[in-house]
Amino acid sequence: AVVGNDVILLQGVTLGGTGKEAGDRHPKIGNGVLLHDGVTVLGNIQVGDGAVITAKSIVTKPVPPLARVSGIPAKVKSYREPIPSNNDNTSIDTNDHLIMLEQQIYLNYNPLGQQS
């Protein structure tokens, strides 16, 4: 298998060939993909950049970029929003994006339900 950058593989993920193909038989996982617990990806297929595959899904067909897939067999359920870009047309680093999200959560967190 070929695994891109910033990929998260959780417990019990299987990336394998089907045994029915000659030559290159293993999946290609794009950048920034999240594979939840127990995911199985079989065959010479492409999982697009930024895709999310939910727990215990079995993927046997290509997954488009930014897709959320689920089920047996896995099917596209929705699409994620792309990470916004900054003013000079370059994408924001994933860590910067996470910091921005944490800041938004902190600013909106109000444990006592008080008016601000």
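Computed from a prediction, not measured in an experiment: that's the story for all the values here.

Moving on to the overall build of the chain. Counting secondary structure elements, the chain contains one helix and eleven strands. Mapped from its N terminus to its C terminus, the chain presents α and β elements in the order β-β-β-β-β-β-β-β-β-β-β-α. The buried share of the chain, reckoned over its 116 residues, is 22%. A separation of at least 24 residues holds for 24% of the contacts in the chain among residues at least 6 apart in sequence. With an accessible surface of roughly 8,000 Å², the chain has 52% of that area assigned to carbon and sulfur atoms.

Read across the open sheet, the five strands follow the order β2-β5-β8-β10-β11; overall the sheet is mixed. Looking at the sheet topology across the chains shown, the edges are occupied by β2 (8-9) and β11 (75-79). Both β2 and strand β5 (residues 34-35) contribute to a ladder of two bridges, which runs parallel. Looking at β5, one finds that I8 is bridged to L34.

The subject of this paragraph is the pattern of salt bridges. Going through the model one piece at a time under the given rule, you end up with one salt bridge. Put simply, K28 and D24 hold a salt bridge, and the shortest N to O gap is 2.7 Å.

Here we take up the environment of D37. Secondary-structure assignment places D37 in the loop between β5 and β6 (40-42). The sequence separation of D37 and L9 amounts to 28 residues, and the corresponding C-alpha distance is 7.8 Å. Excluding residues that lie within four positions of it along the chain, D37 makes contacts with L10, Q11, A55 and K56.

Once that is clear, we can look at the environment of G19. Residue position: G19 is located in the loop between β3 (14-16) and β4 (28-29). What makes G19 exposed here is its relative accessible area of 54%. Note: C-alpha distance between G19 and L42 (23 residues apart in sequence) is 9.4 Å.

Burial of strand β10 (residues 67-70) is one-sided: the residues A67 and V69 facing one way are buried, the residues R68 and S70 facing the other way are not. By the bridge criterion, two bridges tie strand β8 (residues 52-53) to β10 in an arrangement that is parallel. Each bridged residue has a counterpart across the sheet, and for V52 the counterpart in β10 is R68. In the sheet, β10 pairs with β11 via four bridges, with the strands oriented antiparallel. Residue pairing for β11: R68 is matched across the bridge by S78.

Rules and cut-offs
Residues numbered from 1 in each chain as written. Predicted model: local features only at pLDDT ≥ 70, side-chain atom pairs only at ≥ 80, totals over all residues. Heavy atoms only, no water. Helix = DSSP H or I, 4+ residues; strand = E, 2+ residues; numbered from the N terminus. Buried < 20%, exposed > 50% of the residue type's maximum accessible area, 1.4 Å probe, protein only. Contact = heavy atoms within 4.5 Å. Areas by Shrake-Rupley, 256 points an atom, 1.4 Å probe, with all protein chains shown as cover. Pairing = 2+ DSSP bridges. Salt bridge = Lys/Arg side-chain N within 4 Å of Asp/Glu carboxyl O.

Nothing here speaks to function; it is geometry throughout.
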